[in-house]
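Structural description and commentary
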Amino acid sequence: MEVIHQSTTIYNIIASHKKEGKTVGYVPTMGFLHEGHLALVEQARSQSDIVVMSIFVNPTQFGPNEDFETYPRDFEKDMELAKTHGVDYLFYPDVKEIYPNGIGYSVIVKERVNQLCGASRPGHFDGVATVLTKFFNIISPHYVFLGMKDAQQVAVVDGLVKSFHFPLKLIPVETVRESDGLAKSSRNIKLTEEERNQAPQLYQGLQKGLLLINNGDTDPLKVKKIILDYIKENAPLGEVDYVEVLSYPGLKEISVIDGKVILALAVKFKQARLIDNIVITIS
Ligand code: AMP
């Protein structure tokens, strides 16, 4: 595995691989790797000749009161994990390399961002879309692997790829969970012991909603309420940011649960805001 810091270097390497007819799979991350990230690498490995991972804690997707400074970082360990899991090129640029003009130019997203995390994190998806536009241009992959843990991100990037005609295919990968159901996240280490004990209840809450739907209920308000009540009762250390039931990937409000829908939530603990979701198709 080669670690690369300069965008022109990775650009030229990838170009020469593509000239040889190799397919390129790309896994964007902010590092502090766990099994969720590694599932993306595994999927990339299985369907591309060359696997590129980027590690970049992107400042423009963090709000002024968010955790950019304290976001967990451990490059040495990440490097080892990436190497042993079959990453060929680890792109690890600094902020100046990616934002040579500061933030003079950025992508603005108007669709699929007025709800869920987009509503509580204004500008977050502009930052995500901006940095991914840069990375897609630098790496020009055939495939991009994104986790469904960040389902709104998948929806927004799907819109980005179509809107800007990026010649690449987006591959969503299922959420990897701890054995107690908690979605793996780099932020889980910021939970206190007591919070960590309550955190699996978020997924349990989503399961309660799913059960209601599987039993034939089609009222999104009822499903939202059962999830909300469950979390308030079983994870009282968390403050619920939102619980939503929306169409997916359009993220539109619905009056009847039908077709592809997302049950999504965000809950704030003292040092970590956790998100989780379930996407299902009702026919
Ligand atoms: P991050 O480093 O948090 O920006 O995540 C990088 C990529 O890993 C994103 O596409 C995430 O959706 C994905 N990811 C993070 N956690 C998980 C997980 N538990 N399961 C699957 N993918 C994940």
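Computed from a predicted model, the values in this text were never measured in an experiment. (Residues numbered from 1 in each chain as written. Predicted model: local features only at pLDDT ≥ 70, side-chain atom pairs only at ≥ 80, totals over all residues. Heavy atoms only, no water.)

Observations regarding the site of the ligand
Here is the rule we go by: By convention in this text, a residue qualifies as near a molecule or strand provided that one of its non-hydrogen atoms is within 4 Å of it. Here a polar contact is taken to be a pair of N or O atoms separated by no more than 3.5 Å, where protein atoms must pair a possible hydrogen donor with a possible acceptor and residues adjacent in sequence count only if both atoms sit in side chains. Helix numbers and strand numbers start at the N terminus; a helix is a DSSP run of H or I with at least 4 residues, a strand a run of E with at least 2. Any residue outside Ala, Val, Leu, Ile, Met, Phe, Trp, Tyr, Cys, Pro, Asp, Glu, Lys and Arg is labelled polar, Gly included; the first ten of those are nonpolar and the last four are charged.
Every one of the 17 residues lining the ligand counts as a neighbour, but Met30, His37, Asp150, Val176 and Lys184 are closest to it. The contact in question runs from an oxygen atom of the ligand to an N or O atom on the backbone of methionine 30, over 2.9 Å. A distance of 2.9 Å is found between an oxygen atom of the ligand and a side-chain nitrogen or oxygen belonging to histidine 37. Those elements giving two or more residues to the shell around the ligand turn out to be β2 (24–29), α2 (35–47) and β6 (143–147). Sorting elements by how many residues they give to the shell around the ligand places α2 first, with three residues. Classifying every residue of the shell around the ligand gives six nonpolar, seven polar and four charged.

Examining the packing of aromatic side chains
Filter applied, for reference: By convention, a stacked pair of Phe, Tyr or Trp rings (six-membered ring in the case of Trp) has centres within 6.5 Å and planes under 30 degrees apart, an edge-to-face pair has planes over 60 apart, and any other such pair is tilted. When a residue's accessible area, from a 1.4 Å probe over protein chains only, is under 20% of the maximum for its type it is buried; when over 50% it is exposed; and in between it is partly exposed. Two conditions define a charge sitting above a ring: the NZ of Lys or the CZ of Arg must be within 6 Å of the ring centre, and it must be within 35 degrees of the ring normal.
A full pass over the atoms with the stated rule returns 10 aromatic pairs. Here the aromatic rings of phenylalanine 75 and tyrosine 92 are separated by 3.7 Å at their centres, their planes lie at 10 degrees, and the arrangement is stacked. Placement of phenylalanine 75 in helix α3 (residues 75–84) and of tyrosine 92 in the loop between β4 (89–91) and α4 (95–98) is noted, with a sequence separation of 17 residues between them. A relative accessible area of 30% places tyrosine 92 in the partly exposed class. For the ring pair phenylalanine 136 and phenylalanine 166, a centre distance of 5.2 Å and an interplane angle of 80 degrees mean the geometry is edge-to-face. With a gap of 30 residues between them, phenylalanine 136 in helix α6 (residues 124–139) and phenylalanine 166 in the loop between α7 (151–163) and β7 (169–173) connect regions that are remote in the sequence. Here phenylalanine 136 matches phenylalanine 166 in class, with each residue buried. One aromatic cluster is present, formed by Tyr26, Phe56, Phe91, Tyr99, Phe135, Phe136 and Phe166 through successive ring pairs. A cation over a ring is seen here: arginine 73 above phenylalanine 68, with NZ or CZ 5.1 Å from the ring centre. The residue whose ring lies beneath arginine 177 is tyrosine 203, and the NZ or CZ to ring-centre distance is 3.5 Å.

Focus on the pattern of salt bridges
Rules: By convention in these notes, a salt bridge is any Lys or Arg side-chain nitrogen within 4 Å of a carboxyl oxygen on Asp or Glu.
All chains considered together, the criterion is met by 15 salt bridges. Taking the shortest distance from any N to any O, the salt bridge between glutamate 20 and lysine 22 comes out at 3.6 Å. A salt bridge links aspartate 158 to arginine 112; the shortest N-O distance between them is 3.0 Å. With aspartate 158 in helix α7 and arginine 112 in the loop between β5 (100–103) and α5 (116–120), this pair connects stretches of sequence that are 46 residues apart. When salt bridges that share partners are traced, they join Glu35, Glu178 and Lys184 into one network.

Things to note about α6
The test is simple: What a helix is expected to span follows from its residue count: subtract one and scale by 1.5 Å.
Between its terminal C-alpha atoms α6 stretches 22 Å, which fits the 22 Å expected from 16 residues at 1.5 Å a residue. Positioned one or two residues after α6, serine 140 has a phi angle of 40 degrees, which is positive.

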